[in-house]
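Okay, here's what each chain looks like letter by letter:
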Amino acid sequence: MFGLGSKNIGIDLGTANTLVYVEGKGIVLREPSVVAKNTKTGEVIAVGSEAKEMIGRTPGSIVAIRPMKDGVIADYDTTAAMLKYFMGKTVGNSKPSVMICVPSGVTEVEKRAVIEAARVAGAREAYVIEEPFAAAVGAGLPVMEPTGSMVVDIGGGTTDVATISLGGIVSSTSIRQAGDKFNQAITNFVHSKYNLLIGERTAEDIKIQISSASVEAAKEIESKTIRGRDLVSGLPKSLEISAVDVATAIQDVVQDIIVAIKETLELTSPEIAADVIDHGIVLTGGGALLKNLPEVISDATKVPVFIAQDPLDCVAIGTGESLKHLDVMRKTSR
């Protein structure tokens, strides 16, 4: 328990991880968006890091699930239980005002589900902010000025692309191609090429350690030993996987992200497009850390591309910063 009183909080409720920003304190919690439940009683056994350790290792009566899928709530009750746990851990029993980020492409129904889950979890009032706008604020872009900025937030469930000017989103595209799809592509590739079944955590480790957005650049990266279950013999097996294999596996996802960026630029006015060429595209989210991604995007769009400082924290920081404008949110939501 952090014992932070009745401070207002901003929550980056991600598909892979949840970050909590407390007003006046900054980011005080970052944990996996995972909940372990007893399937017979429905009781929550563990949340966050403790629950993630259980993925793939639970007995039949316990299941470790991620209640968020593709950036939106897939399991309402479990999401509410997870939010309640994280809020209790950061602000105790107080009822804070909560700002939660959502992908730019979500429906009104999906927004209401997030707001309602926060209220059930103990929020006095809850509001949502669009993820790319929060990411731009957290990255320190001049979002309130009459100049165009472009942000690409690559999270676990969604990639959100947006151009922003004068405090609002001018054009945006949200696709369900992001970190999880990289993992899935790696798993499928290893399955089809090597007849080896690997778990979610192994795929994640491969992505973090040796993946590259460029097949050519991957030739310079060392291979990695992985372990899984041989689909022919049914026995455990180890093998070497090359970075070129991994880069090849994720190419479709990389290209989908590039298409989303190009589509967003095509929807943008010439003036803002000119600003983006001047200032460059800023990458945020965990996917921004994919090796060689800035160069690959820059080659495809002919626009400079930069990784934000602390890309993993940008959305949470921006969501927290937006707490300063709660009065405006209250007026506009009436």
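Residues numbered from 1 in each chain as written. Predicted model: local features only at pLDDT ≥ 70, side-chain atom pairs only at ≥ 80, totals over all residues. Heavy atoms only, no water.

For the protein, an unreviewed UniProt entry supplies the name Cell shape-determining protein MreB and the organism Lactobacillus delbrueckii subsp. bulgaricus. Taken from UniProt, the Sequence similarities (unreviewed entry) comment for the protein reads in full: "Belongs to the FtsA/MreB family." If you open the UniProt record of the protein and go to Function (unreviewed entry), you find "Forms membrane-associated dynamic filaments that are essential for cell shape determination. Acts by regulating cell wall synthesis and cell elongation, and thus cell shape. A feedback loop between cell geometry and MreB localization may maintain elongated cell shape by targeting cell wall growth to regions of negative cell wall curvature." (UniProt positions renumbered as here; feature names shortened; annotations may be inferred.)

Enquirer: What should I look at first to understand the overall build of the protein in this one?
Expert: Summing up its helical and strand segments, the protein has 13 helices and 18 strands in all. Taking 20 Å as the expected radius of gyration for a compact globule of 334 residues, we find that the protein reaches 20 Å, a close match to that expectation. The C-alpha extent of the protein, read off along each of the three principal axes, is 65 × 55 × 30 Å. For the protein, the proportion of its 334 residues judged to be buried stands at 53%. Sequence separation of at least 24 residues holds for 63% of the intrachain contacts in the protein that already meet a minimum separation of 6. Accessible surface computed for the protein: about 15100 Å², of which carbon and sulfur atoms make up 51%. Across the protein, 33 positive and 41 negative side-chain charges occur, with their mean positions spaced 7 Å apart. (Helix = DSSP H or I, 4+ residues; strand = E, 2+ residues; numbered from the N terminus. Rg over C-alpha atoms; globule rule 2.2 N^0.38 Å. Buried < 20%, exposed > 50% of the residue type's maximum accessible area, 1.4 Å probe, protein only. Contact = heavy atoms within 4.5 Å. Areas by Shrake-Rupley, 256 points an atom, 1.4 Å probe, with all protein chains shown as cover. Lys, Arg positive; Asp, Glu negative; His and termini not counted. Charge placed at Lys NZ, Arg CZ, Asp CG, Glu CD.)

Enquirer: Explanation requested: the sheet that holds strand β15 (residues 224-230) in the structure shown.
Expert: What holds strands together in a sheet is hydrogen bonding between their backbones, with the strands either parallel or antiparallel. Reading across from one edge, β14-β15-β16 is the order of the three strands in this open sheet, with antiparallel pairing throughout. With partners counted over all chains shown, the strands left at the sheet margins are β14 (196-197) and β16 (236-241), one partner each. Where β14 and β15 come together, two bridges link them in antiparallel fashion. Along β15, the bridge assignment pairs Leu 197 with Arg 229. Lying on the sheet, helix α5 (residues 179-194) is in contact with β14, β15 and β16; it crosses β16 at an angle near 105°. Strand contacts of helix α6 (residues 200-210): β15 and β16, with the helix running at about 165° to β15, the strand carrying the most contacts. (Pairing = 2+ DSSP bridges. Axes fitted to C-alpha atoms, helices over the stretch in contact; angles between N-to-C directions.)

Enquirer: Help me out: how do you make sense of the pairing of strand β9 (residues 97-102) in this one?
Expert: Side-chain positions along a regular strand alternate between the two faces of the sheet. The element β9 is extensively covered by neighbouring structure, given that six of its six residues are classed as buried. Of the two faces of β9, both are covered, the one formed by Ser 97, Met 99 and Cys 101 as well as the one formed by Val 98, Ile 100 and Val 102. Bridge count for strand β1 (residues 9-13) against β9 is three bridges, and the pairing is parallel. Bridging across to β9, Ile 9 finds its partner in Val 98. Judged from the six bridges that link them, β9 and strand β10 (residues 125-130) form a sheet pairing that is parallel. From the neighbouring strand, Ile 100 faces β10, where its bridge partner is Val 128. Between β9 and its parallel partner β10, the chain crosses via helix α3 (residues 108-120), and the hand of that crossover is right-handed. (Right-handed = clockwise from strand over helix to strand, strands pointing away.)

Enquirer: Help me out: how do you make sense of a nonpolar patch on the surface in this one?
Expert: Judged by side-chain polarity, Leu 289, Ile 307 and Leu 312 come together as a nonpolar surface patch covering roughly 270 Å² of accessible area. Along the chain, Leu 289 falls in the loop between β17 (281-284) and α11 (293-301). (Patch = residues over 30% accessible without salt bridge, like charges linked within 9 Å, V, L, I, M, F, W, Y side chains within 5 Å. Salt bridge = Lys/Arg side-chain N within 4 Å of Asp/Glu carboxyl O.)

Enquirer: Would you take a moment to explain the nonpolar core for this structure?
Expert: Looking at soluble globular proteins, one finds that nonpolar side chains tend to be buried together. If you look at the biggest cluster of nonpolar residues, it comprises 42 residues, and the most contacted ones within it are Val 254, Ile 261 and Ile 281. Every residue in contact with Ile 261, bar those within four places of it in the chain, is listed here: Met 150, Val 152, Val 161, Ile 281, Ile 297 and Thr 301. Judged by nonpolar contacts, the second largest core, of 30 residues, contains Val 28, Val 47, Val 102 and Ala 121. (Core = buried A, V, L, I, M, F, W, Y, C linked by side-chain atoms within 4.5 Å.)

Enquirer: I'm lost on helix α10 (residues 270-279) in this one. Help?
Expert: Each α-helix turn comprises 3.6 residues. Residues three or four places apart therefore point the same way. Within the span of α10, buried status applies to Ile 272, Ala 273, Asp 275 and Val 276. Buried positions in α10, seen along its axis, are confined to an arc of 155° and lie on one side of it. Exposed residues lying more than 90 degrees from the buried face of α10 are Pro 270, Glu 271 and Asp 278. In the core, the buried residues of α10 are packed alongside β11 (149-154), β12 (159-165), β13 (168-175), α9 (251-266) and β17. Downstream of α10 by one or two residues, Gly 280 has phi in the positive range, about 90°. (Arc of directions from axis to C-beta.)

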